[in-house]
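Next come the chains, spelled out residue by residue.
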Amino acid sequence: MSKQSDAYIPALRYSWLTSIYDPVVRWTTRESTFKSALLAQADIQPGEKILDLGCGTATLTIAIKVACAEADVVGLDGDPKILEIAAKKAADVGVKISLDQGYSYELPYADNTFHRVVSSLFFHHLTTANKRRTLAEVERVLTPGGEFHLADWGKAQNIIMRGVFFIVQFLDGFETTTANVQGRLPAMIEDAGFQDVRKTAEFATPLGTISILSTKKSGP
Ligand SMILES: C[S@@+](CC[C@H](N)C(=O)[O-])C[C@H]1O[C@@H](n2cnc3c(N)ncnc32)[C@H](O)[C@@H]1O
């Protein structure tokens with residue numbers, strides 16, 4: 001496995017902030033509202049294999065397993081420290097999920113492994129080049145016709161949403177967040193060969209607009 005690159009951004013930019021990630025996200029992103037919408041949209045069925053990409057503390061990964069106990073749920077993140085928090089949360093809730101350390105642009109899975117890939121607040125951590133490499137990897141590990149559902153910072157709905165998003169940009173950096181706030185993620189997903197790319201919802205939050213997208217890999 002390659003080591004963390006300079007472009008790697010931990011959950012709250014600095015590793016020493018990782019331990020307060022959950023309360024910060026809970027209070028600044030309308031987390032339960034947008035993650036519930038993402039989960040409902042993904043419509044996960046028993047027997048399916050699901051990847052939560054950039055799972056962080058595994059709030060969404062655990063929610064998926066709670067919603068569908070018969071799904072095989074895997075969370076992947078590059079940061080071993082946040083995966084320790086994730087593992088403890090899963091143990092506390094008593095759910096069995098797999099947690100893998102790895103990087104989104106070189107996923108440690110075979111082609112056509114997952115029926116669904118989900119991702120939340122993750123793509124704005126990647127440079128444009130790594131967004132493209134990651135999308136190619138998501139396409140590779142999805143089964144034919146498999147679906148990709150993601151929530152992340154999107155095109156600001158209005159000038160207030162644009163203004164507050166500068167807080168995220170100062171924290172996480174302009175290089176990785178600009179494509180998000182310019183609304184360029186859907187076109188990048190299309191460029192990666194996905195079909196039927198849709199923005200299904202958007203949420204005004206204290207830190208900017210969160211968009212939910214859905215798409216699928218070509219196939220039956
Ligand atoms: C803002 S957090 C989001 C966590 C979680 N998905 C959520 O919704 O709360 C972004 C996560 O992406 C991880 N990350 C950043 N770059 C990554 C990469 N290239 N591959 C895998 N994980 C990465 C970070 O370690 C961090 O846990």
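Refer to the structure presented above.
In short, a report on the structure. (Residues numbered from 1 in each chain as written. Predicted model: local features only at pLDDT ≥ 70, side-chain atom pairs only at ≥ 80, totals over all residues. Heavy atoms only, no water.)

### Things to note about the sheet that holds strand β7 (residues 208-216)
- The mixed open sheet is built from seven strands, whose spatial order is β3-β2-β1-β4-β5-β7-β6. The open sheet has two free edges, formed respectively by β3 (98-101) and β6 (195-205), since each of these has just one partner strand. Across this sheet, the average inter-strand angle for adjacent strands is 15°, counted without regard to direction.
- As judged from the five bridges shared by strand β1 (residues 49-53) and strand β2 (residues 72-77), these two strands associate in the parallel manner. By the bridge assignment for β2, K49 is matched with D72.
- With respect to the sheet, helix α5 (residues 128-141) is in contact with β1, β4 (114-120) and β5 (142-153), its orientation differing from that of β5 by roughly 140°. (Pairing = 2+ DSSP bridges. Helix = DSSP H or I, 4+ residues; strand = E, 2+ residues; numbered from the N terminus. Axes fitted to C-alpha atoms, helices over the stretch in contact; angles between N-to-C directions. Contact = heavy atoms within 4.5 Å.)

### Some remarks on the pattern of salt bridges
- Counted by the stated rule, this structure contains eleven salt bridges.
- The shortest N-O distance in the salt bridge between E31 and K35 comes to 2.7 Å. In this pair, E31 and K35 both sit in helix α2 (residues 31-42), four residues apart, roughly one turn of the helix.
- With a relative accessible area of 7%, E31 lands in the buried category.
- Judged by its relative accessible area of 11%, K35 falls in the buried class.
- Of the charged contacts, one joins R140 and D111 as a salt bridge, the two residues approaching to 2.8 Å between their closest N and O atoms. Here R140 is found in helix α5, whereas its partner D111 is found in the loop between β3 and β4, with 29 residues between them in sequence.
- Residue classification places R140 among the partly exposed positions, given a relative accessible area of 23%.
- Judged by its relative accessible area of 48%, D111 falls in the partly exposed class.
- Within this structure, E48, R116 and E147 form a network of salt bridges that share partners. (Salt bridge = Lys/Arg side-chain N within 4 Å of Asp/Glu carboxyl O. Buried < 20%, exposed > 50% of the residue type's maximum accessible area, 1.4 Å probe, protein only.)

In short, the description is geometric, and any link to function would need to be established separately.
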